[in-house]
There are 4 protein chains.
Amino acid sequence: MSNDTKPSTYAVDARDDVLGRARVIDNDELLSFYKELEAHSANAFWRRANEIEPWEPETRYSPTIWRYKEMRPLVVKSSELVKPEEAGRRVIVLVNDSDPGRQNSAAVGWLFSGLQIMLPGEITPAHRHTASAQRFIMEGGGAYTVVDGHQIELGQYDYVLTPGKCWHDHGVFDHGQVSIWQDGLDIPLMNSLETNFYEVYPENIQKPAFTTNDLPLVYGNAGLLPNTGQTWDKPYSPMMIYRWKETQDALFNLAKCEPGSPYDGQIVKFSNPLTGGWAMQTMGAQMQMLAPGQHCKAHRHTGNVMYNCAGGEGYSVIGGKRFDWQEHDIFCVPSWVWHEHVNLSSSEQAFLFTFNDFPVMQALGVFIEEALQTNNGHQALKP
Amino acid sequence: MSNDTKPSTYAVDARDDVLGRARVIDNDELLSFYKELEAHSANAFWRRANEIEPWEPETRYSPTIWRYKEMRPLVVKSSELVKPEEAGRRVIVLVNDSDPGRQNSAAVGWLFSGLQIMLPGEITPAHRHTASAQRFIMEGGGAYTVVDGHQIELGQYDYVLTPGKCWHDHGVFDHGQVSIWQDGLDIPLMNSLETNFYEVYPENIQKPAFTTNDLPLVYGNAGLLPNTGQTWDKPYSPMMIYRWKETQDALFNLAKCEPGSPYDGQIVKFSNPLTGGWAMQTMGAQMQMLAPGQHCKAHRHTGNVMYNCAGGEGYSVIGGKRFDWQEHDIFCVPSWVWHEHVNLSSSEQAFLFTFNDFPVMQALGVFIEEALQTNNGHQALKP
Amino acid sequence: MSNDTKPSTYAVDARDDVLGRARVIDNDELLSFYKELEAHSANAFWRRANEIEPWEPETRYSPTIWRYKEMRPLVVKSSELVKPEEAGRRVIVLVNDSDPGRQNSAAVGWLFSGLQIMLPGEITPAHRHTASAQRFIMEGGGAYTVVDGHQIELGQYDYVLTPGKCWHDHGVFDHGQVSIWQDGLDIPLMNSLETNFYEVYPENIQKPAFTTNDLPLVYGNAGLLPNTGQTWDKPYSPMMIYRWKETQDALFNLAKCEPGSPYDGQIVKFSNPLTGGWAMQTMGAQMQMLAPGQHCKAHRHTGNVMYNCAGGEGYSVIGGKRFDWQEHDIFCVPSWVWHEHVNLSSSEQAFLFTFNDFPVMQALGVFIEEALQTNNGHQALKP
Amino acid sequence: MSNDTKPSTYAVDARDDVLGRARVIDNDELLSFYKELEAHSANAFWRRANEIEPWEPETRYSPTIWRYKEMRPLVVKSSELVKPEEAGRRVIVLVNDSDPGRQNSAAVGWLFSGLQIMLPGEITPAHRHTASAQRFIMEGGGAYTVVDGHQIELGQYDYVLTPGKCWHDHGVFDHGQVSIWQDGLDIPLMNSLETNFYEVYPENIQKPAFTTNDLPLVYGNAGLLPNTGQTWDKPYSPMMIYRWKETQDALFNLAKCEPGSPYDGQIVKFSNPLTGGWAMQTMGAQMQMLAPGQHCKAHRHTGNVMYNCAGGEGYSVIGGKRFDWQEHDIFCVPSWVWHEHVNLSSSEQAFLFTFNDFPVMQALGVFIEEALQTNNGHQALKP
């Protein structure tokens, strides 16, 4: 198979006819030379240079929205059709409406996401993997997770970690309610890096080895770290869960003191209190609050983001297209696509939970951001 | 003046008669040689070697206690005798009962401490210095500090920072109450390092430039850092104040989860949420809680500690001597002196606020700690 | 297009019939449910779970060798067929003999590599990109590169950086010789991350703005950093070039002192003297030396490696297959594939230059390594 | 003893009669109050405030010079009068010509320094201490040190480390020559911090456990770190010695590329190749080179510096006073004292080795520097 029969997946630009870009005109001698190269596991750089060195990133992923009123019945139906112990995890995967999305089960970019439903009394078998996971609780009560023996109770709009390589299982207590949460994992990244390992736990579930909620109790006190002999040398936040009330309070506190970001309104990042960095190495998460009537400005950046509306209603313009959202709706913004957010209510705040792959971009030195300069910072809507 | 007329301030030990220690026997020729050296700004190492290289540190400071029932009347009296604008700051200095303490106004080691009283309507003129300061509020209400334009309200048992080089002033609002707090500064360290600079502010006081309490509102949310465009590149905690309720809650949370330190009971350090380190570069602070009836074990370490009882009653054995304390009493533990704490109440917790120079010891690689191995970890009381 | 028509690219294992893995048996109701999901940009996790969560990584790349005796004539021929200013850069790309290799022009994993030839008097136009580049000089003399205005002369077996976002151009002086080097770039990574930007310089080439070789002269002195006012805040090594003589000397020095690695013999990493880390954020490079007759043991690790023999002759067993190599031959080891190296000479050392994506694996916490435990650490050769 | 009978050691300034400084006028009531305070281990802050919070540092140390032509005979004489095994170490201590210098055996500030002489065949018994040491070899050959089992050979103008807590001993081989070196230790700092511990080794000397010079061989290759399995987790440079030839070459390299510092000419710091920081935590060292005829500008900074002329001749103006120096002369610059250096030769470079306590100042955030703005940056000479 010839290298050049594969259609280009990157943009080729009229600007390419300049010094510093490839602009070789093929002839018979060259075409013959190319065949010789291909026979030696080689190719001529200039044949693909402009494609593999684009002027700027052009994402292969599409802005996609998953409306909860459509997704919830499907998620509930899954709980009637399969058992978690047969499914591994009973998750409905959110698949980006693009070729690479379908290929690697990505919601957008390096991010996998799904909706998981657990019924009272159900458990998911314990296991671990190199991929990191996080959950954002959308509905229910009486759910829990156990991470490396630490049991943590989950409430609505809590954000909880399952860092890579940790044993974990989860479930809903018998007295609990039907619970639905959004999972976020870096599975596409781990597979692309060819670093994904998986193990099942020797027992069906872990026996909790500590006081329930010990990690957030011990490490979740603002500016107050335990000094009773603990050493935490793991590369992720020891808090493990960030609760909705504290998160919402933090946003209200911010709003008392400052105008907020022009692109995101008031926004806090879930951070590791031992380092000030993101809570995990490969995925970050944030919660943002738009003031009543707020219309943010547009910007774009490298890195991918999944949004989940945690209250309120509004819309986002992504790549020039409007996506309306309300509570529980989920949507994505791919790399280097313009986006801006609007709160449609004139009286209520709107909340957007997000998770992203920014820690990867930052660790590798390629987080790049740009504000829209034209039209007072707002995109023109595409027809 | 001969070098050797100065009495040694370090211990000389019978163990010195071994290979590896100085044990030169003086004779006339040597004495003559020493005079020659002194005439050339020199000395023979072996004359002072065992003194300047002791087997272990022998502190020049004494364990000292300042009982509040004695100190409070003196502090109140100071408010009748001088005005803060005449005194610079109206502070009663706690002076270690030792020669170096009196010489450099140290409470213990590198730590300066004093009791400051402010009456309603009083202010202290704005100024700044290389030395860092911190305050622990003991009595009162309606007090505030302004640090680099950020105004912060002070409540009982709050711990508040005034990092080195920041402009600061403080006062009590007209409607407030008589307020007394403990100051802690690294003045002895800054003077010994010959790095202390001082400036008075162009105005009497700073005009607050931000929402009151903005720094703790913005940075004091557990694991939730603002991401609206702030960058904090200063070498100290942006939280600036740690409030008593949150501190006490953190200790109760810890107590639910773990046994605590054998030496300190439950203990939290006031930390910088951006780094996980101490809140300032040269002084640290902690709050500890002893369970009813708890008798901690003895240990010793390099570094100096000032204690302030924030509730309860008990005693500490320091260097084999018992010091009884109750609320507001202040005492110190010098470097490398054995100490253990006891809560005398069988029903109530006891709380000890401490500040220390551990950040210095740790930054320079000389924080060294040892547990008492004998007598089940308890000191014998000296007669 | 249905999600499940795409053939799996990951291994599915007989071990999957256990609790903790997906093992749902499809039926008509489920198949109908799957169609409904696909219509909503969704899928059932358990349909792809075992595939996207493999037990361990199974690389999509093949061990490949590019023998210089075959590649050199092709490289020389390229210099007769195209001009560098038409080609952008006149590079023969080394393409992994696998489907993803051909698709993204990767030599292995995230690594792009090619052979570039420059004739005396030729230049390559100045440009920059987010992707980082490095060069290993294989033949020639009188070549140079200019990186952000710093001109650096290139000698045989020198290793030189072109970090991402730096302006760069290169050429051979009129009095120089035909020069051939191996390029290594992280183009596949940058494209997968959707972060690749490209710009051409306003002029054809940069005018050198500093003393020739100033960066290695100023920063390339072991343990001796300039303190004349420089601040280097860039995330890559200021040395910029690592010369062959110093590299070889370092290996000889190591050999005097210690036995070396069981897998790599004596090996040094090209590091940033300001941090002790890799010279760049996304790619690392090393030089290793095998003693005469040395037969190293086998190990495997995540991350990808390109090898270039810088002297001597031997072979490597990669994934159970033997690859013989001699000077200038290039080969690759993909992620998690067993490999071991052998020096076939009984009198001469063998040298292997390598570059890798380990900095990515380490920054993301997924560098995992394993030694072969069976057969005294040696692989069985596959027929 | 009353607190106020101690004469102030800090400056009191006429500028003190301003708001923000202490300016209480004593009266009988106050004097009586002061006595009451003193009886309670207390004092009034305003009595000492201006003294302990000076406007700027005023050093207690004097610029001092130790001329080698005077010191060398004394050092040689010490070798005739005592044996190293009796003296512990046979060192002539350089004592600052000031009260605190004599009191704590400091050469300047926190720095101890001495001249040590070793005759062929002599050894110094093995020991260790919390204090860190460093040596600068002035004369001789065939000397060595053993640090934690690593034997290192010492040549003229080499700079060698003995970090705190490391076992060490040293000597001169039987075939070697009389050797003299300058010792630099942080003994005054360790004693002031009350953290100094001392131990003698179980044997007279350590038996070398590694290849001679293994640490500089393994870690002293510019930008080339070993990757054969070593982990170096100690807080000091693994290079351990910095050799004169490499140091001199580095300065010549710098001189080819840039103008150098206006205050120090060409200057390199001895650094830890794993961190880019100083080689040890509490003391730093540098080598500087003044071009023929160079007259540097004046600056001042916190921190203390010891100079040792490693070639050439010139003078320094320190605090307005001229100090002429030639090879082997040693002098000091105390904290916050203006200083500038002049090379008196019109044809030869002058070299100044220095060691300092800058790492302490920087770790604690109090390294402060100022350029002289008047008189074109040159001090007026005091009569």
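Residues numbered from 1 in each chain as written. Chains lettered and ligands numbered in written order. Predicted model: local features only at pLDDT ≥ 70, side-chain atom pairs only at ≥ 80, totals over all residues. Heavy atoms only, no water.

K.L.:
An account of the interface of chain C and chain D is requested, with residue identities and associated values reported.
P.N.:
Facing 40 residues of chain C, the contacting portion of chain D comprises 40 residues. Each partner contributes to the roughly 3000 Å² buried at the junction of chain C and chain D, and carbon and sulfur atoms together form 60% of this total. When the area that chain C buries against chain D is broken down by residue, the three leading residues are C:Leu224, C:Asn227 and C:Thr228, summing to 20%. Inspection of the chain C/chain D interface yields zero salt bridges. (Contact = heavy atoms within 4.5 Å. Buried area = accessible area lost by both parts, 1.4 Å probe. Salt bridge = Lys/Arg side-chain N within 4 Å of Asp/Glu carboxyl O.)

K.L.:
Please give an account of the environment of A:Val200 that cites residues and values.
P.N.:
Along the chain, the position of A:Val200 falls in strand S12 (residues 198-200). Under the relative-accessibility criterion, A:Val200 is labelled partly exposed at 26%. In contact with A:Val200, other than residues within four places in its own chain, are A:Ala126, A:His127, A:Trp167, C:Val18, C:Leu19, C:Gly20 and C:Trp55. (Helix = DSSP H or I, 4+ residues; strand = E, 2+ residues; numbered from the N terminus. Buried < 20%, exposed > 50% of the residue type's maximum accessible area, 1.4 Å probe, protein only.)

K.L.:
I'd love a proper account of the relation of the copies chain A and chain C, names of residues and values included.
P.N.:
Note: a rotation about an axis with an accompanying shift along it relates these two copies of the chain. After a rotation of 180° and a shift along the axis of 0.0 Å, chain A superposes on chain C with an RMSD of 0.0 Å. This pairing of chains is accounted for by a two-fold axis. For chain A, the minimum C-alpha distance to the rotation axis belongs to A:Ala363 and amounts to 3.2 Å. Mapped onto chain C, 100% of the interface residues of chain A again fall at the interface, so both copies present the same surface. (Least-squares fit on C-alpha atoms with pLDDT ≥ 70 in both.)

K.L.:
Go over the packing of aromatic side chains with me, naming the residues and quoting the values.
P.N.:
Applying the stated criterion to the full structure yields 90 aromatic pairs over all chains. Ring plane angle 45° and centroid distance 6.3 Å describe the contact between B:Phe270 and B:Phe353, whose orientation is recorded as tilted. Of this pair, B:Phe270 sits in strand S15 (residues 266-270) while B:Phe353 sits in strand S23 (residues 350-356), placing them 83 residues apart in sequence. Overall, B:Phe270 belongs to the buried group, its relative accessible area being 1%. When the centroid spacing of 4.7 Å and the interplanar angle of 85° are considered together, the rings of B:Trp336 and D:Phe197 count as edge-to-face. Here D:Phe197 lies in the loop between helix H6 (187-192) and strand S12 (198-200) and B:Trp336 lies in the loop between strand S21 (330-333) and strand S22 (339-343), a pairing that spans two chains. Accessibility assignment for this pair places B:Trp336 and D:Phe197 in one class, buried. Pairwise contacts between aromatic rings join A:Phe136, A:Tyr157, A:Tyr159, A:Tyr242, A:Trp244, A:Phe252, A:Phe270, A:Phe351 and A:Phe353 into one cluster. Its end group placed over the ring of C:Trp55, C:Arg21 keeps NZ or CZ at 4.2 Å from the ring centre. When the ring centre of C:Trp278 is taken as origin, the NZ or CZ atom of C:Lys269, which lies over that ring, is 4.9 Å away. (Phe/Tyr/Trp six-rings, centres within 6.5 Å; stacked < 30°, edge-to-face > 60°. Lys NZ or Arg CZ within 6 Å of the ring centre and 35° of its normal.)

K.L.:
With reference to specific residues and values, describe the nonpolar core.
P.N.:
In terms of nonpolar packing, the biggest core is built from 372 residues, with A:Trp46, B:Trp46, C:Trp46 and D:Trp46 touching the most fellow members. Beyond its immediate chain neighbours, meaning those up to four positions away, D:Trp46 contacts B:Ser78, B:Val82, B:Ala87, B:Arg89, B:Arg90, B:Val91, B:Ile92, D:Ala22, D:Val24, D:Leu30, D:Phe33 and D:Tyr34. (Core = buried A, V, L, I, M, F, W, Y, C linked by side-chain atoms within 4.5 Å.)

K.L.:
Any chance you could break down the environment of D:Gln182 for me, citing the residues and the numbers?
P.N.:
All names here are of chain D. On the secondary structure map, Gln182 appears in strand S11 (residues 179-185). Take Gln182: its relative accessible area is 2%, and that puts it in the buried class. Taking the C-alpha atoms as reference points, Gln182 and Ser62, separated by 120 residues in sequence, lie 20 Å from one another. Excluding residues that lie within four positions of it along the chain, Gln182 makes contacts with Ser113, Gly114, Leu115, Gln134, Arg135, Phe136, Met138, Met306, Asn308, Ile330, Phe353 and Phe355. Polar side-chain contacts of Gln182 include one of 2.9 Å to the side chain of Ser113. Only 2.9 Å separates the side chain of Gln182 from the side chain of Asn308, close enough to count as a polar contact. (Polar contact = N/O pair within 3.5 Å; in protein donor to acceptor, adjacent residues only side chain to side chain.)

K.L.:
Could you give an account of the interface of chain A and chain C, naming the residues involved and the relevant values?
P.N.:
Taken together, the contact between chain A and chain C spans 93 residues of the former and 93 residues of the latter. Across the chain A to chain C interface the summed buried area is about 8500 Å²; carbon plus sulfur atoms make up 63%. For chain A, the biggest contributors to the area lost against chain C are A:Glu194, A:Tyr198 and A:Leu364; these three give 9% of the whole. Our count for the contact surface shared by chain A and chain C stands at six salt bridges. Between C:Glu53 and A:Arg89 there is a salt bridge, with its nearest N and O atoms 2.7 Å apart. Between chain A and chain C we count 44 residue pairs in polar contact (both at pLDDT 80 or more) in total. With six residues, helix H3 (residues 68-81) of chain A is the single largest residue contributor to the side of chain A that touches chain C. Partitioning the side of chain A that touches chain C into residue classes produces 46 nonpolar, 25 polar and 22 charged. Where strand S3 (residues 91-94) of chain A meets strand S1 (residues 42-44) of chain C, three bridges bridge the pair, whose relative direction is antiparallel. (Nonpolar A, V, L, I, M, F, W, Y, C, P; charged D, E, K, R; others polar. Pairing = 2+ DSSP bridges.)

K.L.:
Report on the confidence of the model for chain A, specifying residues and quantitative values.
P.N.:
Residue and element names in this part refer to chain A. Residues at a pLDDT of 70 or more form 97% of chain A, whose mean pLDDT is 95. Per-residue pLDDT stays below 50 along residues 1-12; that stretch engages in 20 contacts with residues further than four places along the chain or on separate chains. Both scores are available for the predicted complex, with the pTM at 0.95 and the ipTM at 0.94. (pLDDT = per-residue confidence, 0-100.)

K.L.:
How would you summarise the pattern of salt bridges if you had to cite specific residues and measurements?
P.N.:
Tallied over the entire structure, the rule returns 68 salt bridges over all chains. B:Arg322 is the partner of B:Asp324 in a salt bridge, and the nearest nitrogen-oxygen pair spans 2.8 Å. The class of B:Asp324 is partly exposed, set by a relative accessible area of 32%. Overall, the relative accessible area of 39% leaves B:Arg322 in the partly exposed class. Bridged by salt links that share partners, the residues A:Glu56, A:Arg300 and A:Glu370 form one connected network.

K.L.:
Got a sec to walk through helix H1 (residues 28-38) of chain A? Specific residues and values, please.
P.N.:
The set of residues buried in H1(A) consists of A:Leu30, A:Phe33, A:Tyr34 and A:Leu37. Seen along its axis, H1(A) keeps its buried residues to an arc of 105°; they face one direction. Among the exposed residues of H1(A), those oriented more than 90 degrees off its buried face are A:Asp28 and A:Lys35. Contact partners of the buried residues in H1(A): strand S1 (42-44) and helix H2 (45-52) of chain A together with helix H3 (68-81) and strand S3 (91-94) of chain C. Capping of H1(A) at its N-terminal end is provided by A:Asn27; its side-chain oxygen lies 3.1 Å from the backbone amide nitrogen of A:Glu29. (Arc of directions from axis to C-beta.)

K.L.:
Could you give an account of the pairing of strand S10 (residues 168-172) of chain B, naming the residues involved and the relevant values?
P.N.:
All names here are of chain B. Most of S10 is tucked away: five of the five residues are buried. The alternating pattern of S10 places His168, His170 and Val172 on one face and Asp169 and Gly171 on the opposite face, and all of these are buried. As paired elements, strand S5 (residues 123-129) and S10 share three bridges and run antiparallel to each other. Paired with Ile123 across the bridge in S10 is Gly171. Relative to S10, strand S7 (residues 143-147) runs antiparallel, the two being bridged by five bridges.

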